[in-house]
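Inside the fold
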Amino acid sequence: MTSTQLHFAWLNPSVVRRFRTGISLHSHTMHSRESLTFVPRIVQTIPVLRHIVAYKERQYERQNGYPLDYSRAYWTPPLPEHAAYSLERRQIEESLGLNAIVSLTDHDSIEASKRLDLFEECRWTPVSVEWTVPYGPSFFHLGVH
């Protein structure tokens, strides 16, 4: 069994057979900036790592004159738009045997959706975004398709 098949193994085949199309509504590409604001919260739960990161944060502040601001830091997923689209599409078609609709939802960017227009097989792909909305000390991620 491949990792893709394992991903969908929880789906009941008799249920899947009742449908003709599977839809992927949440996938990110290299155009998405994924916030690192969760790092301090996670690090606090791992004692050894907590001390290492605290040391590095102090070192950063000494070298730069200001503390590390995780809200300004981010990472980007590795896949360009067409590779992410193809991966999601293959998972639905090969693992579930369904027609696929893929909607790429990068954080606060429609760049991937716009670039998919360059590919004939993607011409019906919806333009979509995962909109980050601040809410008190946290935020909501809303998928807009």
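Just so it is clear, the structure is predicted and the values come from calculations on it, not from any experiment.

In this section: helix H4 (residues 47–64). Between its terminal C-alpha atoms H4 stretches 26 Å, which fits the 26 Å expected from 18 residues at 1.5 Å a residue. Positive backbone phi, approximately 85 degrees, marks Gly-65, located one or two places after H4.

On to a nonpolar patch on the surface. There is a patch of nonpolar side chains on the surface, built from Phe-38, Ile-42, Ile-46, Val-48, Leu-49, Ile-52 and Trp-75 and spanning about 630 Å² of accessible area. Counting residues per element, the nonpolar patch draws most heavily on H4, which supplies 3 residues. Relative to the assigned elements, Ile-42 resides in helix H3 (residues 39–43).

Of the pockets and cavities examined, the largest pocket occupies roughly 390 Å³. Lining the largest pocket are 14 residues, and of these Glu-34, Ser-35, Thr-37, Phe-139 and His-141 lie nearest its centre. The greatest single-element share of the lining of the largest pocket, amounting to 3 residues, is contributed by strand S6 (residues 138–144).

Mapping Leu-142 onto the fold places it in strand S6. A sequence separation of 34 residues divides Leu-142 from Asp-108, and the C-alpha atoms of the two residues are 9.9 Å apart.

Averaged over all residues, the pLDDT of the chain is 88; the fraction at 70 or higher stands at 92%. Mean pLDDT across the elements of the chain bottoms out in helix H1 (residues 3–7) (51) and peaks in H4 (96).

This brings us to the packing of aromatic side chains. Inspection of every chain in the model, using the stated rule, returns 2 aromatic pairs. Relative to Tyr-66, the ring of Tyr-60 lies with its centre 6.0 Å away and its plane at 80 degrees, an arrangement referred to as edge-to-face. For Tyr-60, a relative accessible area of 26% translates into the label partly exposed. Arranged with centres 5.0 Å apart and planes meeting at 45 degrees, the rings of Tyr-135 and Phe-140 form a pair that is tilted. A residue is classified by how much of its surface remains accessible, and Tyr-135, at 55% relative accessible area, is exposed. Residue class for Phe-140 comes out partly exposed when judged on its relative accessible area of 44%.

Reading the values: the criteria
Residues numbered from 1 in each chain as written. Predicted model: local features only at pLDDT ≥ 70, side-chain atom pairs only at ≥ 80, totals over all residues. Heavy atoms only, no water. Helix = DSSP H or I, 4+ residues; strand = E, 2+ residues; numbered from the N terminus. Expected span 1.5 Å × (residues − 1). Patch = residues over 30% accessible without salt bridge, like charges linked within 9 Å, V, L, I, M, F, W, Y side chains within 5 Å. Areas by Shrake-Rupley, 256 points an atom, 1.4 Å probe, with all protein chains shown as cover. Salt bridge = Lys/Arg side-chain N within 4 Å of Asp/Glu carboxyl O. 1 Å grid on protein atoms, 1.4 Å probe; cavity = no way out; pocket = protein on both sides within 12 Å on 5 of 7 lines; lining within 4 Å. Points joined across faces, edges and corners; volume = space filled by probe spheres on them. pLDDT = per-residue confidence, 0-100. Phe/Tyr/Trp six-rings, centres within 6.5 Å; stacked < 30°, edge-to-face > 60°. Buried < 20%, exposed > 50% of the residue type's maximum accessible area, 1.4 Å probe, protein only.

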